[in-house]
Amino acid sequence: MAKAIAEGARTAQEVEVELKPRESPWSLDSYDAILIGAPTYQHTMTNNIEKFLEEVAFHKINLKNKIGAAFGSYGWSGEAPRMVLEVLENKFEMKVLKPPLLIKYMPDEEGLEECRKLGKNVAEQVLG
Ligand SMILES: Cc1cc2nc3c(=O)[nH]c(=O)nc-3n(C[C@H](O)[C@H](O)[C@H](O)COP(=O)(O)O)c2cc1C
């Protein structure tokens, strides 16, 4: 999903896209938009994502008015991307794209296209 989203974002010229398996909270300052991928396990986000969001909050990293989006693979309930997006919007005061992008298990070609569209959409928001 992340690769297809990045691919979609890269179709917009003048937008630089970085795809990271993980990121330090302090590096976030340099981005105009942040998209977080979060699969759902046991009706919630995984520990690494939760810890990451907690670190951003603890260190008071300022993400206000940056563009935010969340996405994730899920099986049946898919809470994680919704939870992530809620934190981005209400805690970090980011401008979020709703709804989050949920894909059941593995994206098929249609799902990949949805991912590319999200990336393109975010890139267009960045360019204003
Ligand atoms: C132990 C376990 C618990 C899971 N719990 C949930 C769940 O509560 N809700 C849900 O929608 N999917 C759940 N799933 C399904 C995963 O979200 C799904 O397999 C998803 O594709 C995993 O994404 P990933 O491969 O990127 O980690 C669970 C899967 C496993 C193995």
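Figured I'd write up the structure that's included with this text. (Residues numbered from 1 in each chain as written. Predicted model: local features only at pLDDT ≥ 70, side-chain atom pairs only at ≥ 80, totals over all residues. Heavy atoms only, no water.)

**Side note on unusual backbone geometry**
Working note: non-glycine residues mostly have negative phi, and peptide bonds are mostly trans.
At step 1: The peptide bond linking Lys98 to Pro99 adopts the cis configuration, its omega dihedral lying at -10°.
At step 2: Tracing the backbone through its elements, the reader meets Pro99 in the loop between strand 3 (95-96) and strand 4 (101-104).
At step 3: Residue Tyr105 is not a glycine yet carries a positive backbone phi of 50°.
At step 4: With respect to the element layout, Tyr105 can be found in the loop between strand 4 and helix 4 (109-127). (Helix = DSSP H or I, 4+ residues; strand = E, 2+ residues; numbered from the N terminus.)

**Details of the site of the ligand**
At step 1: Every residue near the ligand is listed here: Pro39, Thr40, Tyr41, Gln42, His43, Ser73, Tyr74, Gly75, Trp76, Ser77, Gly78 and Tyr105.
At step 2: Separating a nitrogen atom of the ligand from a backbone N or O atom of Gln42 is a distance of 3.0 Å.
At step 3: Gly75 has a polar backbone atom sitting 3.0 Å from a nitrogen atom of the ligand.
At step 4: Compared with its free state, where it exposes 630 Å², the ligand has 66% of that area covered by protein.
At step 5: Looking at the shell around the ligand, its residues break down into five nonpolar, seven polar and no charged. (Near = heavy atom within 4 Å. Polar contact = N/O pair within 3.5 Å; in protein donor to acceptor, adjacent residues only side chain to side chain. Areas by Shrake-Rupley, 256 points an atom, 1.4 Å probe, with all protein chains shown as cover. Nonpolar A, V, L, I, M, F, W, Y, C, P; charged D, E, K, R; others polar.)

**With respect to the environment of Ile34**
At step 1: With respect to the helices, strands and loops of the structure, Ile34 is situated in strand 1 (residues 33-37).
At step 2: For Ile34, a relative accessible area of 9% puts it in the buried group.
At step 3: Put simply, Ile34 and Phe52 are 18 residues apart on the chain and 13 Å apart in space, counted from C-alpha to C-alpha.
At step 4: In this structure, Ile34 is in contact with Leu28, Leu63, Lys66, Ile67, Gly68, Ala69 and Met94, ignoring residues within four places of it in sequence. (Buried < 20%, exposed > 50% of the residue type's maximum accessible area, 1.4 Å probe, protein only. Contact = heavy atoms within 4.5 Å.)

**Quick look at the packing of helix 2 (residues 47-58) against helix 3 (residues 79-91)**
At step 1: Packing of helix 2 against helix 3 leaves a shortest axis separation of 11 Å and a crossing angle of 5°. It follows that helix 2 is roughly parallel to helix 3 by the angle criterion. Facing Ile49, Leu53 and Ala57 of helix 2, the residues of helix 3 in contact are Val84, Val87, Leu88 and Lys91. (Axes fitted to C-alpha atoms, helices over the stretch in contact; angles between N-to-C directions. Parallel < 35°, antiparallel > 145°, perpendicular 65-115°, else oblique.)

**Describing the side chain of Glu23**
At step 1: As for its placement among the helices and strands, Glu23 is situated in the loop between helix 1 (2-10) and strand 1.
At step 2: Among the polar contacts listed, one links the side chain of Glu23 to the side chain of Lys20, at a separation of 3.4 Å.
At step 3: In this structure the side chain of Glu23 is engaged in a polar contact, spanning 2.7 Å, whose partner is the side chain of Tyr31.
At step 4: Beyond its immediate stretch of four places on either side in the chain, Glu23 contacts Leu28, Tyr31 and Phe52.

**Details of the pairing of strand 2 (residues 67-74)**
At step 1: Here strand 2 lies mainly inside the structure; seven of its eight residues are buried.
At step 2: Both strand 1 and strand 2 contribute to a ladder of five bridges, which runs parallel. Opposite Ala33, over in strand 2, you have Ile67 as the bridge partner.
At step 3: Crossover strand 1 to strand 2 through helix 2 is right-handed.
At step 4: Across two bridges, the pairing between strand 2 and strand 3 is parallel. Along strand 3, the bridge assignment pairs Ile67 with Lys95. (Pairing = 2+ DSSP bridges. Right-handed = clockwise from strand over helix to strand, strands pointing away.)

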